[in-house]
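Here is how the chains run, residue by residue.
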Amino acid sequence: MTEPTFRRYDAAAARRIRDQVALIHRDAYADRIAQGDPFTAEDEAMRRFDLYAAKSGFDLVVAYIDGEPVGQAWGWSLDERSGAAWWRGLEYEPEPGFTHEDGRRTFALSEIMVRKPRTGRGLARALHDELLSARPEPRATLLVQPVNERAYRAYLKWGWTKAAELRPGMPHAPLFDVLMLYRN
């Protein structure tokens, strides 16, 4: 396999490559889309992407192999406003002040997806590492469904730990585990 190259996009640039984002999503979630999962339906996923790409501190990394987009990861810095929205639906607060956000404390890793033909080759980890490598925040958070055993195991192996449970206030959103990664 040719080694991937990575390109980083801020919010404005990410919106300009929206078609590539949709292509990667369609391929990465093809099985769940085919099963009629409303949360992964393309129109719902791209509606969320448009909301996320409007957030301050939005950061997108796309992996390319031979010029073809094969995977992506994105997130944003949680400030007071986006932090309040991110933590809404938290089942319990693990410690006092856990949800306090100031725009410099927590990076919310929202998505990692790899197109089906490219899975199982380390691209998800490479995207994860590339996205987080340039982030200044001392901690990162992500949401993962416990039934997504493959991803859950990978995150734990990559150093993430469970902190809480959360059900986002979005249509058809399932219950997620909140994972945290603390960095020096």
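See the structure shown above.
Residues numbered from 1 in each chain as written. Predicted model: local features only at pLDDT ≥ 70, side-chain atom pairs only at ≥ 80, totals over all residues. Heavy atoms only, no water.

Where empty space is left becomes clear once a probe the size of a water molecule has been rolled over the atoms. This structure, assessed with the given rule, holds one cavity of 30 Å³ or more. Put simply, the largest cavity is a space of about 30 Å³. Surrounding the largest cavity, His25, Ala45, Arg48, Phe49, Tyr52, Trp74, Glu111 and Met113 form its lining. If you list the elements that add at least two residues to the lining of the largest cavity, you get helix H4 (42-52) and strand E4 (106-114). At four residues, H4 tops the list of elements feeding residues into the lining of the largest cavity. (1 Å grid on protein atoms, 1.4 Å probe; cavity = no way out; pocket = protein on both sides within 12 Å on 5 of 7 lines; lining within 4 Å. Points joined across faces, edges and corners; volume = space filled by probe spheres on them. Helix = DSSP H or I, 4+ residues; strand = E, 2+ residues; numbered from the N terminus.)

Here we come to the pattern of salt bridges. Applying the stated criterion across every chain yields a total of 17 salt bridges. As a salt-bridge pair, Arg115 and Asp27 come within 3.0 Å of each other at their nearest N and O atoms. Separated by 88 residues along the polypeptide, Arg115 in the loop between E4 and helix H6 (123-133) and Asp27 in helix H2 (residues 18-28) bring together distant segments of the chain. Like Arg115, the residue Asp27 is buried in the burial classification. (Salt bridge = Lys/Arg side-chain N within 4 Å of Asp/Glu carboxyl O. Buried < 20%, exposed > 50% of the residue type's maximum accessible area, 1.4 Å probe, protein only.)

It is worth spelling out the nonpolar core at this point. The biggest cluster of nonpolar side chains holds 31 residues, and the ones touching the most others in it are Tyr9, Phe49, Phe58, Leu60, Trp74, Trp76 and Trp87. When residues in this core are grouped by element, the largest group, four residues, is from H2. Excluding residues within four positions of it along the chain, Trp74 makes contact with Val21, Phe49, Tyr52, Phe58, Asp59, Leu60, Ala108, Leu109, Ser110, Glu111, Met113 and Leu131. Membership of the second largest hydrophobic core comes to 23 residues, among which are Phe107, Ile112, Val144 and Leu179. (Core = buried A, V, L, I, M, F, W, Y, C linked by side-chain atoms within 4.5 Å. Contact = heavy atoms within 4.5 Å.)

Here we come to the side chain of Gln72. Residue placement: Gln72 occurs in strand E3 (residues 68-77). Engagement of the side chain of Gln72 in a polar contact is seen with the backbone oxygen of Val21, the distance being 3.1 Å. (Polar contact = N/O pair within 3.5 Å; in protein donor to acceptor, adjacent residues only side chain to side chain.)

Structurally, the position occupied by Glu80 is in helix H5 (residues 80-87). Taking the C-alpha atoms as reference points, Glu80 and Gly103, 23 residues apart in sequence, are found 6.8 Å from one another.

Backbone geometry follows two general trends: most residues other than glycine have a negative phi, and most peptide bonds adopt the trans configuration. Positive phi, close to 50°, is recorded for Asp66, a residue that is not glycine. With respect to the helices and strands, Asp66 occurs in the loop between strand E2 (59-65) and E3.

A few words now on the sheet that holds strand E1 (residues 5-9). Each strand in a sheet pairs with its neighbour through backbone hydrogen bonds, running either in the same direction (parallel) or in the opposite one (antiparallel). Ordered by their spatial adjacency, seven strands build an open sheet running E1-E2-E3-E4-E5-E7-E6, and the pairing between neighbours is mixed. Strands at the two margins of the open sheet, each flanked by one partner only, are E1 and strand E6 (161-166). Adjacent strand axes in the sheet meet at a mean angle of 25° when their direction is disregarded. Relative to strand E5 (residues 139-144), E4 runs parallel, the two being bridged by three bridges. Counted as the bridge partner of Ala108 is Thr141 from E5. (Pairing = 2+ DSSP bridges. Axes fitted to C-alpha atoms, helices over the stretch in contact; angles between N-to-C directions.)

Another aspect to go through is H6. Taken as a whole, H6 has its buried residues at Leu123, Leu127, His128, Leu131 and Leu132. Axial view of H6: buried residues confined to an arc of 155°, hence all on one face. Against the buried residues of H6 lie E1, E2, E3, E4, E5 and strand E7 (176-182). (Arc of directions from axis to C-beta.)

What the rule picks out here adds up to eight aromatic pairs. Here Phe49 and Trp74 contribute two aromatic rings whose centre-to-centre distance is 5.1 Å and whose plane-to-plane angle is 65°, an arrangement assigned as edge-to-face. Placement of the pair is Phe49 in helix H4 and Trp74 in strand E3, with a sequence separation of 25 residues. Overall, Trp74 belongs to the buried group, its relative accessible area being 3%. For the cation-ring pair, Arg7 lies above Tyr64, with the distance from its terminal atom to the ring centre recorded as 4.1 Å. One Lys or Arg, Arg139, reaches over the ring of Phe98 and ends 4.9 Å from the middle of that ring. (Phe/Tyr/Trp six-rings, centres within 6.5 Å; stacked < 30°, edge-to-face > 60°. Lys NZ or Arg CZ within 6 Å of the ring centre and 35° of its normal.)

Keep in mind these numbers describe shape, not what the thing actually does.
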